[in-house]
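Examining the three-dimensional arrangement
Below are the chains, spelled out letter by letter.
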Amino acid sequence: MSNSSDARTAILNSIRSALGRSMDASGIAAEYDAIPRAYKREGTLGRDALMDLFAHRLAEYDAGVTRCSVEKISEEIARILEARGRRKIAIPGGLPDGWLPKGLDFEVGTHFDDYQLDRMDGVLTGCTVAIAATGSIVLQNAAAQGPRILSLVPDYHLCVVFAEQVVETVPESFAQLDGMSALPTTFFSGPSATADIEMTRIKGVHGPRFLDVVLVV
Amino acid sequence: MTTQEQAHWSDRDFPEAAKELLQDSQIRSNVRHATNVIQAKRNNVVGELSDWQQLRDAGAAIRAHSLAHLHFYLAQFEEACTRAGGQVHWARDSAEANRIILGLIQKHDAKEVIKIKTMTSEEIGLNQNLEANGIHPIETDLAELIIQLGHDKPSHFVVPALHKNRQEVREIFKREMNLPDLGERPEDLASAARTYLREKYLRVKVAVSGANFLIAENGAVCIVESEGNGRMCLTLPDVLISLVGIEKVLPKYRDMEVFLQTLPRSATGERMNPYNSIWTGVHEGDGPKEFHVVLLDNRRSPILGDAESRQTLQCIRCAACLNVCPVYHQTGGHAYESVYAGPIGAILTPQLHSMTEGRSLPYASSLCGACYEVCPVKINIPEVLIHLRGKIVEEDQKTFSGKFGMWNMGMQAAAFLFASSSRLSLAQHLGQIGQKLVVSQNGVIERLPSMLSGWTQTRDLMPLPDQTFRDWWAQRKPSADHGIVKEESDVE
Ligand code: SF4
């Protein structure tokens, strides 16, 4: 599109002439490195306090939180799904077999289209990293997490988070994500919500309305 | 200049529009309620961070640095985004952006598009332009849906329908979605929107979004939202078009560690908003098959040339300055007659129009400084307001009517009087005599004449006293311990 390349040149020239001076890449890099970053980057909490903070934040978002040991994951999943009355569960590829309780209907999420996904009772995933200070969980398109729509279209999300995956601060989460930044990434903090009507937080507009987290400690 | 935008926003100036809105007690109470709630939540979650000021410092520095090298980072973004499978387009103005987006939609024969809330699309009048070309845009953000179905205008750029209460929303949904039995609990209303939109997400093949951040180093795009409507639009359709102002670029991925702390806390008073999506280009088996970024200048680049007002472009659109502003509190957003309301709108709007429109907006402020204090990227809005007022006055003085108009003559006369103490004291004595004409029987001035009348519209003015302070001071005997000097010298 020649028109577009004209526009590109015009805009970049206009910016250059407005700014007046120009630095070379190494000058820019040096200036970037000198940006003050005195904010808190490393967490300070011990492991138990960290788990408590994370669980507390999630609960504030109205998510269900339970803890269990590694050996008990599938039992815990069975118990929660039973209590929620959810049977047809979509799962991403790469989910450890040991997580899946017998007797429930699990389907790997790469096989069906959006409409089929819409008719599932829920979705079960792992995660990449979780942030205690904000009660956030980060999903990427990777093993045990799957493509983005998987955790979006079903009305219920059950997420398994290992204690080692929980960091305290937002910068710590970015330190981990940095190497995998090309993968589609979703941060979620509680079930979908809106405060658009009179600033009242209402759970569940378009994403999953119900979220449970199994914290493996 | 887009004709769409003008059809949307009138060219009334702020005092005129505000006067009308101040009569609407329903809007005023809705706005007051909503801004009070957000502010209280914001103060709470900002207060718990011991490093809030350090986050502001870093945020301001990162944004200022990005702007100072904007051409460099935009080129870097373009290259990285293209490498990841995205397509980058450049638009000098609204018309060009509209043309590009329309062309992309038509190429896919789409008659409908789903949209994520984007003020940039409002800025270019995209919806009106699409409608005019037979394409139906569907807003998916709850508040934008309320605005669209209610044939209204946004009044706040984080909570665009904050001027509507639940009863009003119910009436709109009842009528437009044909739901006669709809309840008025917010849950009922949200669930009506969920059902109404779900089928559209699954069916419509093209989506249009804005973006909160572009990342130069890897070509990533970040969108911050609450409801999940954004995620629907970003992942279900085959084609995604993101319209983004050129100023939105950040150098590195990790820079988001600052803004993903300050933006949610400032915008909605939450520690983190429910969803942030970050992606690069296109991914086999995950999301759209085609991804376009339209970079919009629309008179942003010239703002970079003004050292004092360049900081305007640091804005991350959190709207904290609206919520805290005593003027916005009273009038709500519509009085600004602009896509961008509140303190940031007061400085951004006139500059986006090269100072030809929105010239009353820099005056729509008491300069109290609350906006500067809350701004997560430390934009000194009062400083820019004064700078822009200065520009407007300078421009006015170049025209005949401006130079010889009452305001300028009055101001020049005042400057002349205040520059010399003898002239000031003469003026005071003349005032004492002259005011006899306007002082009413109860000893106050209830109505000043002509151009000064605005001051006494809502308040009385005390007259000049019989003895001025200066007279009293001059007659005072110097005391032994304070060597008061009686002589005054002219400062000329
Ligand atoms: S000017 Fe500052 S406070 Fe106002 S919207 Fe922009 S970033 Fe937020």
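What counts as what
- Residues numbered from 1 in each chain as written.
- Chains lettered and ligands numbered in written order.
- Predicted model: local features only at pLDDT ≥ 70, side-chain atom pairs only at ≥ 80, totals over all residues.
- Heavy atoms only, no water.
- Helix = DSSP H or I, 4+ residues; strand = E, 2+ residues; numbered from the N terminus.
- Buried < 20%, exposed > 50% of the residue type's maximum accessible area, 1.4 Å probe, protein only.
- Contact = heavy atoms within 4.5 Å.
- Areas by Shrake-Rupley, 256 points an atom, 1.4 Å probe, with all protein chains shown as cover.
- Lys, Arg positive; Asp, Glu negative; His and termini not counted.
- Charge placed at Lys NZ, Arg CZ, Asp CG, Glu CD.
- Buried area = accessible area lost by both parts, 1.4 Å probe.
- Salt bridge = Lys/Arg side-chain N within 4 Å of Asp/Glu carboxyl O.
- Polar contact = N/O pair within 3.5 Å; in protein donor to acceptor, adjacent residues only side chain to side chain.
- Nonpolar A, V, L, I, M, F, W, Y, C, P; charged D, E, K, R; others polar.
- Pairing = 2+ DSSP bridges.
- Axes fitted to C-alpha atoms, helices over the stretch in contact; angles between N-to-C directions.
- Phe/Tyr/Trp six-rings, centres within 6.5 Å; stacked < 30°, edge-to-face > 60°.
- 1 Å grid on protein atoms, 1.4 Å probe; cavity = no way out; pocket = protein on both sides within 12 Å on 5 of 7 lines; lining within 4 Å.
- Points joined across faces, edges and corners; volume = space filled by probe spheres on them.
- Domains from an automatic or database assignment.
- Near = heavy atom within 4 Å.
- Sits in = over half its atoms within 2 Å of the grid points.
- pLDDT = per-residue confidence, 0-100.

**Focus: the overall build of chain B**
- Helix and strand counts for chain B come out as 22 helices and 10 strands.
- Dimensions of chain B, computed from the C-alpha atoms along their principal axes, are close to 90 × 55 × 50 Å.
- Counting the 492 residues in chain B, one finds 57% classified as buried.
- The contacts of chain B with a sequence gap of at least 6 include a subset with a gap of at least 24, amounting to 73%.
- For chain B, the exposed surface amounts to about 20,500 Å²; the carbon and sulfur share of it is 54%.
- Within chain B, the 60 negative side-chain charges are centred at a point lying 2 Å from the centre of the 52 positive side-chain charges.

**Overview of the interface of chain B and chain A**
- Listed per partner, the contact involves 97 residues of chain B and 78 residues of chain A.
- Both faces combined, the contact of chain B with chain A buries some 7,600 Å², and carbon together with sulfur accounts for 59% of it.
- Among the residues of chain B in contact with chain A, His71, Trp90 and Arg194 of chain B are the three that bury the most area, contributing 10% of the side total.
- Between the two partners, chain B and chain A, sit eight salt bridges.
- Arg41 of chain A serves as the salt-bridge partner of Glu257 of chain B, at 3.6 Å between the closest nitrogen and oxygen.
- Between the two partners, chain B and chain A, sit 33 residue pairs in polar contact (both at pLDDT 80 or more).
- Among the elements that take part in the side of chain B that touches chain A, helix α11 (residues 186–203) of chain B stands out by supplying 11 residues, more than any other.
- Counted by class, the side of chain B that touches chain A contains 47 nonpolar, 24 polar and 26 charged residues.
- Pairing of strand β9 (residues 185–188) of chain A with strand β9 (residues 275–280) of chain B involves four bridges; the strand directions are antiparallel.

**Some thoughts on the sheet that holds strand β5 (residues 213–215) of chain B**
- In space, the eight strands of this open sheet follow the order β8(A)-β5(A)-β6(A)-β9(A)-β9(B)-β6(B)-β5(B)-β8(B), with mixed pairing throughout. With partners counted over all chains shown, the strands left at the sheet margins are β8 (166–167) of chain A together with β8 (249–250) of chain B, one partner each.
- Relative to β8 of chain A, strand β5 (residues 129–131) of chain A runs parallel, the two sharing two bridges. Across the sheet, residue Ala130 of chain A finds its bridge partner in β8 of chain A, namely Val166 of chain A.
- Along the sheet, helix α13 (residues 256–267) of chain B makes contact with β9 of chain A together with β5, β6 (220–225), β8 and β9 of chain B, crossing β6 of chain B at roughly 15 degrees.

**A closer look at the packing of aromatic side chains**
All names here are of chain B.
- Counted under the stated rule, the structure contains 13 aromatic pairs over all chains.
- A ring pair is formed by Phe469 and Trp472, whose centres lie 5.5 Å apart and whose planes are at 40 degrees; its orientation type is tilted. Residue Phe469 and its partner Trp472 are located together in helix α22 (residues 469–475), separated by three residues, close to a single helical turn.
- When its relative accessible area of 38% is taken as the criterion, Trp472 is described as partly exposed.
- Aromatic pair Trp472 and Trp473: ring centres 6.1 Å apart, planes at 50 degrees, arrangement tilted.

**Some details on the layout of surface pockets**
Residue and element names in this part refer to chain B.
- As a volume, the largest pocket reaches approximately 1,100 Å³.
- In terms of lining, the largest pocket is formed by 28 residues, of which the most central are Ala414, Phe418, Leu448, Leu452 and Leu461.
- Mapped by element, the contributors of at least two residues to the lining of the largest pocket are α20 (406–418) and α21 (421–434).
- In terms of residue count, the dominant contributor to the lining of the largest pocket is α20 (seven residues).
- By volume, the second largest pocket is sized at about 890 Å³.
- Its residues assigned to classes, the lining of the second largest pocket shows 10 nonpolar, nine polar and five charged.
- Shared between two domains, the lining of the second largest pocket holds at least three residues of each, these being domain 1 (3–303) and domain 2 (428–487).

**Concerning the pairing of strand β7 (residues 156–162) of chain A**
Residues and elements named next belong to chain A.
- Across the seven residues of β7, seven count as buried, placing the element largely inside the fold.
- Residue alternation in β7 divides its side chains into two sets, Tyr156, Leu158, Val160 and Phe162 and His157, Cys159 and Val161, and both sets are buried.
- The sheet contact formed by strand β4 (residues 122–125) and β7 spans three bridges and is parallel. Looking across to β7, one finds that Leu124 is bridged to Leu158.
- Examined bridge by bridge, β7 and strand β12 (residues 210–216) share seven bridges and lie parallel to one another. Residue pairing for β12: Leu158 is matched across the bridge by Asp212.

**Topic: the site of the ligand**
All names here are of chain B.
- Around the ligand sit 13 residues in total, of which Cys315, Cys318, Ala319, Cys321 and Cys375 are the nearest.
- The site holding the ligand turns out to be the second largest cavity.
- Taken together, the residues of the shell around the ligand break down into 12 nonpolar, no polar and one charged.

**Observations regarding unusual backbone geometry**
Residue and element names in this part refer to chain B.
- We note that Asn298 has phi near 45 degrees; this positive angle belongs to a residue other than glycine.
- The buried category is assigned to Asn298, whose relative accessible area is 5%.
- One non-glycine residue with positive phi stands out, namely Arg317, at about 55 degrees.
- The class of Arg317 is buried, set by a relative accessible area of 14%.

**A few points about the sheet that holds strand β1 (residues 87–91) of chain B**
Residues and elements named next belong to chain B.
- Read from one edge to the other, the open sheet built from six strands follows the order β1-β10-β7-β4-β2-β3, with strand pairing classed as parallel. Here the strands that pair on one side only, and so sit at the sheet edges, are β1 and β3 (136–139). For this sheet, the mean angle separating the axes of adjacent strands, direction not counted, is 25 degrees.
- By the bridge criterion, two bridges tie strand β2 (residues 112–115) to strand β4 (residues 206–209) in an arrangement that is parallel. Bridge pairing in β4 places Ile114 opposite Ala207.

**Describing the pairing of β9 of chain A**
Residue and element names in this part refer to chain A.
- Along β9, one buried face is formed by Thr185 and Phe187 and the opposite face, lined by Thr186 and Phe188, is buried too.
- Bridge count between strand β6 (residues 136–140) and β9: four bridges; the pairing is antiparallel. In the sheet register, Ile137 faces β9, and the bridge partner there is Phe188.

**Re the confidence of the model for chain B**
- Model confidence for chain B is summarised by a mean pLDDT of 90, while 95% of its residues fall at 70 or above.
- For residues 1–7 of chain B, every residue scores under 50 in pLDDT, and the model assigns this stretch 11 contacts once sequence neighbours within four places are set aside.

**Regarding the environment of Gln106 of chain B**
All names here are of chain B.
- Inspection of the secondary structure puts Gln106 in helix α6 (residues 94–107).
- Considered as a pair, Gln106 and Pro137 are 31 residues apart in the sequence and their alpha carbons are 13 Å apart.
- Apart from the residues lying within four places of it in its own chain, the contact partners of Gln106 are Asn133 and Ile135.

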